[in-house]
Every structure is written in C-alpha cells, then in structure tokens.
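# Structural characterization, general
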Amino acid sequence: MTGRLPSRSTILLVLLVLALFGLPWVVGRYPIYLAMQILILAVFSLGFNLLFGYTGLLSFGQAGFFAVGAYGCAKILLAVPNLFLGIAGGVVLAGVAALLLGMLSVRHTRIYFSMLTLAFGMMIFSIAWKWRDFTGGDDGLVGIPRAPLEIPGLLSISVATMERYYYVVLVLSLLAILAMYRLVRSPLGLTLQAIRDSETRAAFAGVPVRKYRLVAFTIAGIYAGLAGALLPPLENTVTPPIAHWSTSAEPVLATLLGGVHAFAGPIVGAFLFFIIKDIIVRFTEYWLIWFGVIVVALVMGFPGGVMSIFAKRRT
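Report on the accompanying structure. Keep in mind it's a predicted model, so treat the numbers as computed, not measured.

Calculation notes
Residues numbered from 1 in each chain as written. Predicted model: local features only at pLDDT ≥ 70, side-chain atom pairs only at ≥ 80, totals over all residues. Heavy atoms only, no water. Buried < 20%, exposed > 50% of the residue type's maximum accessible area, 1.4 Å probe, protein only. Helix = DSSP H or I, 4+ residues; strand = E, 2+ residues; numbered from the N terminus. Contact = heavy atoms within 4.5 Å. Salt bridge = Lys/Arg side-chain N within 4 Å of Asp/Glu carboxyl O. 1 Å grid on protein atoms, 1.4 Å probe; cavity = no way out; pocket = protein on both sides within 12 Å on 5 of 7 lines; lining within 4 Å. Points joined across faces, edges and corners; volume = space filled by probe spheres on them. Nonpolar A, V, L, I, M, F, W, Y, C, P; charged D, E, K, R; others polar.

## Quick look at helix H8 (residues 187-197)
All of the buried residues along H8 are Gly189, Thr191, Leu192, Gln193 and Ile195. The inward-facing, buried residues of H8 abut helix H2 (29-55), helix H7 (162-184), helix H9 (199-204) and helix H10 (209-229).

If you want it as structure tokens, here you go:
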C-alpha cells in the first residue's frame, strides 16, 4: 500500500515556513522588521476578511480594535513586564470591545453597517487622542519594554532583541493563520458563507443570522486585537493614529490586492502592500499618490485579486 505524496502547494508552503524561520540568520534588522510588519498586517487582514469575504460585511472600524489591543498590551507591559500577559490582555480587551460594539453594529447591514463601524472606530480614535491620563494623548505611550515571554513557574524567555521577538510574532501569526484556516472550513465558516450568499435563505433554513454575524464580528475584533498587541513591543511606543480610519483602510487594501475569495489573499496582499510601499518611498516623498495609482491599476487588472491568477491556472 503506497502513501499519498504531498502536493506541490504543500511542499511550497513547508519551504516558505522554513524560510521564514531561517530569515534572521541570513538578513539584517530592517528585513526582519519589515517581515514582522507584514505578518502583523496579514493577521489584521485575515480577521477583516472573515467579515468581508466570508460574511459579506464591510467594516471601516477595525482600526479601533487594533488600537484597543495595542493600548491594552502597552499598559499591561508598562505595569507588569510580561509579554505573555501583555499580548493576552490586549487580545481579550479587543475581543470584549468587539463583542459590545458588535451587538449594536450587526443590527444593520450594507452601508449602514459600514458607517456605524466607521463611527465606532473614530470614537475609539477620539478616546485615544483625548484621554491623556490613560493613553498619553497625542504623545502616546512611550518606553514600552520588550518584556520577556514568561509563564510563572514554567518558563522565562528573553525576547529583548528584534531577532528573538521576530520568532514570537512569527509563531503567533502562523497559529492565527492555521486557526482561521480551520475556522473558515468548519460548519461555522460554511454558515457565514451561506449568510453572505443569501441572508434570506439562511434565515429560512433556521440560521440565527444576527447571532452568527456577531460571532464573526467578535472573532475579527480578536484578530485585530492580536495584530495590535504585537505592535507595542516592536515599536516601543503607541500613538493615536493607529486608531484612525486610515489604518482601517490597510486591511481593506491588502485584502483587495490579494483576493477577497481566496484564503491566502489577505496574506499575499499584506506582502504586496508593504513591498510596494517600501519601494516607492525610496524614490519620492509623495508615495501615497503613486501607491494609490498602483493599487487602482492592480485592482482593475485583477478584479479577483492577485490570487485569482493561480485560481485560473488550476482551472
């Protein structure tokens, strides 16, 4: 009896993961920093695409939960220098915020849902800007330590160097990607896709549509919170602009670049987003104009995202 050989995509995926683990051994600090930014945006975009690509809800307020995760992690790290507690606390706070605001947001759909999430996101931005005693106001929170990854009584790992922290970001990002992959192929993921395709038919089939939308909204908020919580130890600072609506546009652009209906679309889009941006800023300070032109050209040239190229080849 012969075993089944691994597919070409599986082999490429394994090689990519091995290459990511070996990256700090062959490149300098800036490529490692850039790789962490890409991984953070990939996690952020995966959560957004659970709402947009799989549930059919366009949110413009994900930066709010990103900021809740970042500020929550930063405040914990400043009080208790424990990276595990900081990241976990940021994720939990973002999840609670998403659950509470989701109860109000999922009552609406289409443009009303989008505008409501935008309003909530800007509300969080205003809190981050005005609540100086807690958030530091426009100065933000500074001096955030890259604390050791510690579980009392079990282990304590120093991640003070950027190379070591890279492995924390990489492992958590890979776990988040794997969890999302399993989720979208689970009964929950299939139910969300049914709601996206036809809310009326799903409701007639007995699916509590609003409940499932709230679940998707909360999970997307948790992913945004995880992405945000990974940022303070990397940058050692957190400022209000991360809660602005323009930050919410980043996962939207990344998802559109990679492909809405492909699971790997947001990940590929996050890579393209930072690579294109990094190349442009080397030549001009007006990078936003050229970046916008390139994004529009790519979206018009590949309406299904860059991943649609591979889908066509398979067919």
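## Remarks on the pattern of salt bridges
Inspection of every chain in the model, using the stated rule, returns 5 salt bridges. The partner of Glu199 in a salt bridge is Arg213, and the shortest N-O contact between them spans 2.9 Å. With Glu199 in helix H9 and Arg213 in helix H10, this residue pair connects regions lying 14 residues apart in the sequence. Between Arg282 and Asp278 there is a salt bridge, with the nearest N and O atoms lying 3.0 Å from each other. Residue Asp278 is classed as buried on the basis of its relative accessible area, which comes to 13%. Counted as one network, the salt bridges with shared partners bring together Arg132, Asp138 and Asp139.

## Some points on the layout of surface pockets
Roughly 490 Å³ of volume is contained in the second largest pocket. Residue classes in the lining of the second largest pocket are distributed as 13 nonpolar, 6 polar and 4 charged.

Read these as layout, nothing more, since geometry by itself doesn't imply function.
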